[in-house]
Amino acid sequence: MRALFHSYLNASLILRVSIALVLGIAVGMIGGQTAADWLAPFGDLLLRLLRFLIVPIVLFTLMVGINQANIGSMGRVGRKLFGYYVITSALAIVVGLVVASLLEPGSGMALDENAEVKVPDNPGFMSVLLSIVPENIFTAFTELNLLGIIFIAIVFGIALLKLRESEDHAELGESLYKVVEALNEVTLKVMAGVLQYVPVGVFAIVAKTAGEQGMATILSLGDMVLVLYIALAVHLVVYCGLMRFFGVPLRAFFREARTPMATAFATQSSSGTLPLTLDAARRMGVPKRVYGFSLPLGATINMDGAAIRIAISAVFAANVVGIPLDLVTMAEIVLLGTLTSIGTAGVPGAGIVMIATVFAQVGLPIETVALLVSIDALVGMGATGLNVTGDLVGTAIVARSESGDGTEPVAERAEPAG
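In this text the structure is predicted, and so the values were computed from the model without any measurement.

In this section: the overall build of the protein chain. For the protein chain, the helix and strand inventory stands at 17 helices and zero strands. Scored against the burial criterion, the 418 residues of the protein chain give a buried share of 52%. Within the protein chain, contacts between residues separated by at least 24 positions form 84% of all contacts whose residues are at least 6 apart in sequence. When the accessible surface of the protein chain is split by element, carbon and sulfur atoms take 65% of a total near 18500 Å².

Here it is in structure tokens:
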């Protein structure tokens, strides 16, 4: 048993996660709901461990990152990231519309007029914007308000930077910075331990999902699921083109990115995967001042996978009711989908909220959302995987563009994974 345990620890993390994914699908399909019930606690434990790390890793990583840069460079990085988020979200919706228009998911299906779906309330863009500034620091931590935590880290990080630069309190600022830096290193040590449990949790989560969904659900709406994954693959090619254009080495990038990609796919949680995403960026050689800011922000507002889901769901709904989308409606979906994918960030059931919001605006029947709820988990897995990939791509591209300022070129000094 000891030899087996050591072999497990010495194997690369991506190998363990890949095996866990395959075994989880097999066990879930064979064991069905029974397997899902038995294994659910092990998956829940992984999600709890990852969420447990979110507050310290975002807070300390971002504060340390800010103190390794200056205010001017942070503003420049922020502008580049915002431009990247808007452009890639719009591209994602265009990709989704084109692929879905060619493959026509939903054609021949009939709408169940008695179908009902409960859509969570959309808080609106202004409400999300106001949530960036929390009324209470501790509430932001307990509710895992990532935008609020990022705001807190930026404010205190900048204050600490100013303290270190002041003439009167420079020594006090340096002492405080050393404490924050030490807390960041301690958090990374804890994360290293949590990483050893990731394959076990991934196995349990995938088995639970496969056991609950079953083959009947997959086959009944298989064309919708297939079209979505084709669109996700096309957008992944778009990412590769962007990285090649900006000089990011693809092989080194995917060597480190594959573990958070696979974990996001299994857990359906961009924020829950954040500790692994930050670790991957660190291994790529991305400066902490870039990934400490870009990845927590991207986990909350950069949702390319969800944007593709909006586009394909719209075409699916139009085909079900027999009303093809015209170019004007498609253009409206691109605009609304881009804004909505940012405006509903962090909302429980965000995928359904975004789809329902866009449907209501362009006149598609909200009842078609009920058809999509049954495959929500299967669709959400792929969409979340692409969301996290997009966060890392944006981080790598921005870091590469910043390398002229003396930072290390991304992914050229990557450490071994696992």
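The next subject is the nonpolar core. Core analysis: the biggest nonpolar cluster contains 107 residues, and Leu97, Val202, Phe253 and Leu325 have the highest contact counts within it. It is helix H2 (residues 13–66) that provides the largest number of residues to this core, a total of 18 residues. Aside from chain neighbours lying at most four places away, what touches Leu325 is Leu97, Ala314, Val315, Ala318, Met330, Ile333 and Leu364.

Structurally, Ser270 is set in the loop between helix H10 (250–267) and helix H11 (274–284). Leaving out residues up to four positions away in the same chain, Ser270 has contacts with Ala299, Thr384, Asn387 and Val388.

A word on a nonpolar patch on the surface. On the surface, a nonpolar cluster with roughly 600 Å² of combined accessible area is contributed by Val94, Val98, Leu102, Leu103, Leu226, Ile230 and Val234. Broken down by element, the nonpolar patch gets its largest block of residues, four residues, from helix H3 (residues 71–103). Tracing the chain through its elements places Val98 in helix H3.

This part takes up the environment of Thr277. Mapped onto the elements, Thr277 comes out in helix H11. Under the relative-accessibility criterion, Thr277 is labelled buried at 4%. Spatially, the C-alpha atom of Thr277 lies 8.6 Å from that of Asp391, the residues being 114 residues apart in sequence. For Thr277, the residues in contact, after removing those within four places along its chain, are Pro260, Leu295, Val388 and Leu392.

Turning to the confidence of the model for the protein chain, a few remarks are in order. Of all residues in the protein chain, 79% have pLDDT values of 70 or greater, and the mean over the chain is 79. Confidence scores differ between elements of the protein chain, with helix H4 (residues 125–130) showing the lowest mean pLDDT of 65 and helix H9 (residues 222–245) the highest of 91. Note that pLDDT drops below 50 for residues 411–418; the model gives that stretch 26 contacts with residues more than four away or on any other chain.

For H11, the tally of buried residues reaches 10 of 11 residues, placing the bulk of the element in the interior. For H11, the set of buried residues is Leu274, Pro275, Leu276, Thr277, Leu278, Asp279, Ala280, Ala281, Arg283 and Met284. Downstream of H11 by one or two residues, Gly285 has phi in the positive range, about 95 degrees.

Put simply, H9 and helix H13 (residues 304–321) touch, their axes get as near as 10 Å, and they point 140 degrees apart. Of the possible angle classes, the one that applies to H9 and H13 is oblique. Crossing of H9 against H13: the hand is right-handed. Along its contact with H9, which presents Met224, Val227, Leu228, Ala231, Leu232, His235 and Tyr239, the element H13 presents Asp304, Gly305, Ile308, Arg309, Ile312, Ser313 and Phe316. For the contact of H9 with H13, a count of residues per class yields nine nonpolar, three polar and two charged.

A separate point is the pattern of salt bridges. Pairing between side chains of opposite charge can happen when their charged atoms approach one another. Applying the stated rule across the entire model yields seven salt bridges. Put simply, Glu402 and Arg76 hold a salt bridge, and the shortest N to O gap is 2.9 Å. With Glu402 in helix H17 (residues 376–402) and Arg76 in helix H3, this pair connects stretches of sequence that are 326 residues apart. For Glu402, a relative accessible area of 0% puts it in the buried group.

The rules behind the values
- Residues numbered from 1 in each chain as written.
- Predicted model: local features only at pLDDT ≥ 70, side-chain atom pairs only at ≥ 80, totals over all residues.
- Heavy atoms only, no water.
- Helix = DSSP H or I, 4+ residues; strand = E, 2+ residues; numbered from the N terminus.
- Buried < 20%, exposed > 50% of the residue type's maximum accessible area, 1.4 Å probe, protein only.
- Contact = heavy atoms within 4.5 Å.
- Areas by Shrake-Rupley, 256 points an atom, 1.4 Å probe, with all protein chains shown as cover.
- Core = buried A, V, L, I, M, F, W, Y, C linked by side-chain atoms within 4.5 Å.
- Patch = residues over 30% accessible without salt bridge, like charges linked within 9 Å, V, L, I, M, F, W, Y side chains within 5 Å.
- Salt bridge = Lys/Arg side-chain N within 4 Å of Asp/Glu carboxyl O.
- pLDDT = per-residue confidence, 0-100.
- Axes fitted to C-alpha atoms, helices over the stretch in contact; angles between N-to-C directions.
- Parallel < 35°, antiparallel > 145°, perpendicular 65-115°, else oblique.
- Left-handed = near helix turned anticlockwise from the far one by under 90°.
- Nonpolar A, V, L, I, M, F, W, Y, C, P; charged D, E, K, R; others polar.

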